[in-house]
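Structural overview
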Amino acid sequence: MKRSTTSADRRVSLWAVLFWLAVWQIAALLLDEPLLLVSPIETLTRLSALVLESSFWKSIAFSLGRIMLGFLYSCVLGVALAALAYRFRTVRRLLSPLTAAVKAVPVASFVILALLWVSSKNLSILVSLLIGFPVIYLNTLAGFDSMDPQLIQMAQVFRVPVSRQFSVIYFNQILPFLRSGLNVAIGLCWKSGVAAEVIGIPPGSVGEKLYSAKVLLETADLFCWTLVIVLLSVGCEKLLTFLLNLAQRGALQCWKQST
């Protein structure tokens, strides 16, 4: 039953994508103004030409590396501070106004302020870190708060090794919250990171390509790079899900061995 439901969901998703592609194609034909709206066929045609250029892949590598580095920093910082906030109430109180402020401040304000501190080349790293941190921190902290204290006390009474407590108790109970936070954060990091590049215009970045396409009125290139950003974001999210599932299976196997 579960497999059939999953397959049905995938078929519905495919038909939904095809439907909106058809709407896009019809809208482009009715408008008949490539400067304002290009069709999906024209977009894919232009994309097939761009992938043959070395600058295309260099721009992807530039932005992918920096945005994912910012995301990685936000993961480490968010999880570490969430653990400290769970252990020490003072840390939780100190971080509460900070996370609220970071969530409320617009991305454009972060980018402009960050340009005072770092070069445009590393701007997307800092912005991705700042945008992803509160989501990961708050979700991880919610996971810590949801843990069963009696289960932890029982592990301590039976002197379960700390490494096994982490893999069996902490990781399995926090993972659903962490997974949710990471999936949201990785999408936000891509949006904010590219937005930072569009404002800072670091040479050789995806954001620079978007900005150039807008200034030069190259609508096909604008749609191409937007499509590339979506594909990169979705691809990174799928890879993250795969790694989390792999880690979960490892923790489950550790739990079976402990029992």
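Predicted, not measured: the structure shown is a model, and the values here were computed from it.

Our next topic: the packing of helix α5 (residues 107–114) against helix α6 (residues 123–145). Their axes nearest at 10 Å, the elements α5 and α6 cross at an angle of 135°. In this view, α5 runs oblique relative to α6, as classed from their interaxial angle. Our pair here, α5 against α6, has a crossing hand that is right-handed. Packed against α5, whose contacting residues are Val107, Phe110, Val111 and Ala114, the element α6 presents Leu123, Leu126, Val127, Leu130 and Ile131 at the interface.

What follows deals with the packing of aromatic side chains. In total, this model carries 6 aromatic pairs according to the counting rule given. With centroids separated by 5.0 Å and ring planes inclined at 80°, the aromatic side chains of phenylalanine 19 and tryptophan 20 adopt a geometry described as edge-to-face. Phenylalanine 19 gets classed as partly exposed once you look at its relative accessible area, which sits at 49%. Exposure remark for tryptophan 20: the relative accessible area of 58% places this residue in the exposed category. Between tryptophan 24 and phenylalanine 223, the aromatic rings sit 5.6 Å apart at their centres with planes inclined by 25°, giving stacked as the arrangement. With a gap of 199 residues between them, tryptophan 24 in helix α1 (residues 2–31) and phenylalanine 223 in helix α10 (residues 219–258) connect regions that are remote in the sequence. Grouped by ring-pair contacts, the aromatic residues Phe56, Trp57 and Trp225 constitute a single cluster. One Lys or Arg, arginine 66, reaches over the ring of phenylalanine 62 and ends 3.9 Å from the middle of that ring.

Judged by nonpolar contacts, the single largest core of 39 residues is most densely connected at Phe71, Tyr137, Leu182, Trp190 and Trp225. When residues of this core are traced back to their parent elements, those giving at least two are α2 (40–50), α3 (54–87), α6, α8 (162–200), α9 (206–215) and α10. The element contributing the most residues to this core is α8, with 10 residues. Grouped together as the second largest cluster of nonpolar side chains are 10 residues, Val102, Ala114, Leu126 and Ile131 included.

Taken together, the side chains of Leu14, Trp15, Val17, Leu18 and Leu21 make up a nonpolar region of the molecular surface, amounting to roughly 510 Å² of accessible area. For leucine 14, the location among the structural elements is in helix α1.

Next up on the list: the pattern of salt bridges. The tally for this structure, following the rule as stated, stands at 2 salt bridges. A salt bridge links aspartate 221 to arginine 46; the shortest N-O distance between them is 2.5 Å. In this pair, aspartate 221 sits in helix α10 while arginine 46 sits in helix α2, placing the two residues 175 residues apart along the sequence. Looking at aspartate 221, the relative accessible area reads 10%, which means it is buried. Arginine 46 gets classed as partly exposed once you look at its relative accessible area, which sits at 26%. Aspartate 145 is paired through a salt bridge with arginine 92; the nearest N and O atoms lie 2.9 Å apart. A residue pair is termed long-range when its members are at least 10 positions apart, and aspartate 145 in helix α6 and arginine 92 in helix α4 (residues 89–104) qualify at 53 residues.

It is the contact of α4 with α6, at a shortest axis distance of 9 Å, that shows an interaxial angle of 135°. One element, α4, and the other, α6, form an angle in the oblique class. Here α4 and α6 pass one another in a crossing that is left-handed. Contact residues: α4 offers Arg92, Leu95, Thr99, Val102 and Lys103, while α6 offers Leu130, Phe133, Pro134, Tyr137, Leu138, Leu141 and Asp145. Tallied by class, the residues present in the contact of α4 with α6 amount to 8 nonpolar, 1 polar and 3 charged.

Parameters at a glance
Residues numbered from 1 in each chain as written. Predicted model: local features only at pLDDT ≥ 70, side-chain atom pairs only at ≥ 80, totals over all residues. Heavy atoms only, no water. Axes fitted to C-alpha atoms, helices over the stretch in contact; angles between N-to-C directions. Helix = DSSP H or I, 4+ residues; strand = E, 2+ residues; numbered from the N terminus. Parallel < 35°, antiparallel > 145°, perpendicular 65-115°, else oblique. Left-handed = near helix turned anticlockwise from the far one by under 90°. Contact = heavy atoms within 4.5 Å. Phe/Tyr/Trp six-rings, centres within 6.5 Å; stacked < 30°, edge-to-face > 60°. Buried < 20%, exposed > 50% of the residue type's maximum accessible area, 1.4 Å probe, protein only. Lys NZ or Arg CZ within 6 Å of the ring centre and 35° of its normal. Core = buried A, V, L, I, M, F, W, Y, C linked by side-chain atoms within 4.5 Å. Patch = residues over 30% accessible without salt bridge, like charges linked within 9 Å, V, L, I, M, F, W, Y side chains within 5 Å. Areas by Shrake-Rupley, 256 points an atom, 1.4 Å probe, with all protein chains shown as cover. Salt bridge = Lys/Arg side-chain N within 4 Å of Asp/Glu carboxyl O. Nonpolar A, V, L, I, M, F, W, Y, C, P; charged D, E, K, R; others polar.

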